[in-house]
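Single-letter residue listing:
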Amino acid sequence: TFGGGTKMCLTWNADFGWCNWYPGPYVPVMSGGLLALTRFWWQATGGYDDQMLSWGGENLDQSMRTWLCGGEILVATGSRVAHMWRDPSKPKTMLRYAIPADHVRRNRLGAPEGWL
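Computed from a predicted model, the values in this text were never measured in an experiment.

1. Some details on the overall build of the protein chain
When helices and strands are tallied, the protein chain shows three helices and two strands. When the helices and strands of the protein chain are listed from N to C terminus, the series reads β-β-α-α-α. Against the 2.2 N^0.38 benchmark of 13 Å for 116 residues, the protein chain shows a C-alpha radius of gyration of 15 Å, consistent with a compact globule. On the principal axes, the C-alpha backbone points of the protein chain span a range of 45 × 35 × 30 Å. The buried share among the 116 residues of the protein chain stands at 28%. At a minimum sequence separation of 6, the contacts of the protein chain that also span at least 24 residues come to 53%.

Next up, the structure:
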């Protein structure tokens, strides 16, 4: 079964997991690919890290960048997001491009290394 929620937390191994128990409207770490921000904030904080490769870890970088540059991440309580979880038994959700594991690892570790 697949999980989901509204809040994610950073783990000690530079990953993230759901933490819906976290109190208040603030979100410690945003879920990957689900962000909305002003153009001003995007440009002021430098956008995406150009050292990241392919896919993975961008949510860790953007979350740390936001909090450490004086921003906030809040739950958008009225919003609804649909996500098609990858399920190997369903051809419609099959991965159609390669995600090199070493790129994901490098990206995930690079975010805390660069910001902490």
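2. What to know about the packing of aromatic side chains
This structure, assessed with the given rule, holds three aromatic pairs. Taken together, a centroid distance of 4.9 Å and an interplanar angle of 85° make the contact between W42 and Y48 edge-to-face. When its relative accessible area of 26% is taken as the criterion, W42 is described as partly exposed.

3. Side note on a nonpolar patch on the surface
There is a patch of nonpolar side chains on the surface, built from L10, W21, Y22, Y26, W67, L68, L74 and L116 and spanning about 870 Å² of accessible area. Among the secondary structure elements, L10 is positioned in strand 1 (residues 8-10).

4. Quick notes on the pattern of salt bridges
Counted under the stated rule, the structure contains three salt bridges. Linking K90 and D87 is a salt bridge whose minimum nitrogen-to-oxygen distance equals 4.0 Å. Residue class for K90 comes out partly exposed when judged on its relative accessible area of 46%.

5. Points about the layout of surface pockets
What the largest pocket holds in volume is close to 1,300 Å³. Every residue lining the largest pocket is counted, 42 residues in all, and those nearest its centre are W18, M30, S31, G32 and L34. Counting residues per element, the ones that place at least two in the lining of the largest pocket are strand 2 (16-18), helix 2 (58-68) and helix 3 (101-115). Tallied by class, the residues present in the lining of the largest pocket amount to 22 nonpolar, 14 polar and six charged.

6. Considering the nonpolar core
One broad rule of soluble globular proteins: the nonpolar side chains tend to lie buried together. Counting residues in each nonpolar core, the largest one holds five residues, listed as M8, V29, L60, M64 and A111. Excluding residues that lie within four positions of it along the chain, L60 makes contacts with L10, A14, D15, F16, V29, R108 and A111.

What counts and what doesn't
Residues numbered from 1 in each chain as written. Predicted model: local features only at pLDDT ≥ 70, side-chain atom pairs only at ≥ 80, totals over all residues. Heavy atoms only, no water. Helix = DSSP H or I, 4+ residues; strand = E, 2+ residues; numbered from the N terminus. Rg over C-alpha atoms; globule rule 2.2 N^0.38 Å. Buried < 20%, exposed > 50% of the residue type's maximum accessible area, 1.4 Å probe, protein only. Contact = heavy atoms within 4.5 Å. Phe/Tyr/Trp six-rings, centres within 6.5 Å; stacked < 30°, edge-to-face > 60°. Patch = residues over 30% accessible without salt bridge, like charges linked within 9 Å, V, L, I, M, F, W, Y side chains within 5 Å. Areas by Shrake-Rupley, 256 points an atom, 1.4 Å probe, with all protein chains shown as cover. Salt bridge = Lys/Arg side-chain N within 4 Å of Asp/Glu carboxyl O. 1 Å grid on protein atoms, 1.4 Å probe; cavity = no way out; pocket = protein on both sides within 12 Å on 5 of 7 lines; lining within 4 Å. Points joined across faces, edges and corners; volume = space filled by probe spheres on them. Nonpolar A, V, L, I, M, F, W, Y, C, P; charged D, E, K, R; others polar. Core = buried A, V, L, I, M, F, W, Y, C linked by side-chain atoms within 4.5 Å.

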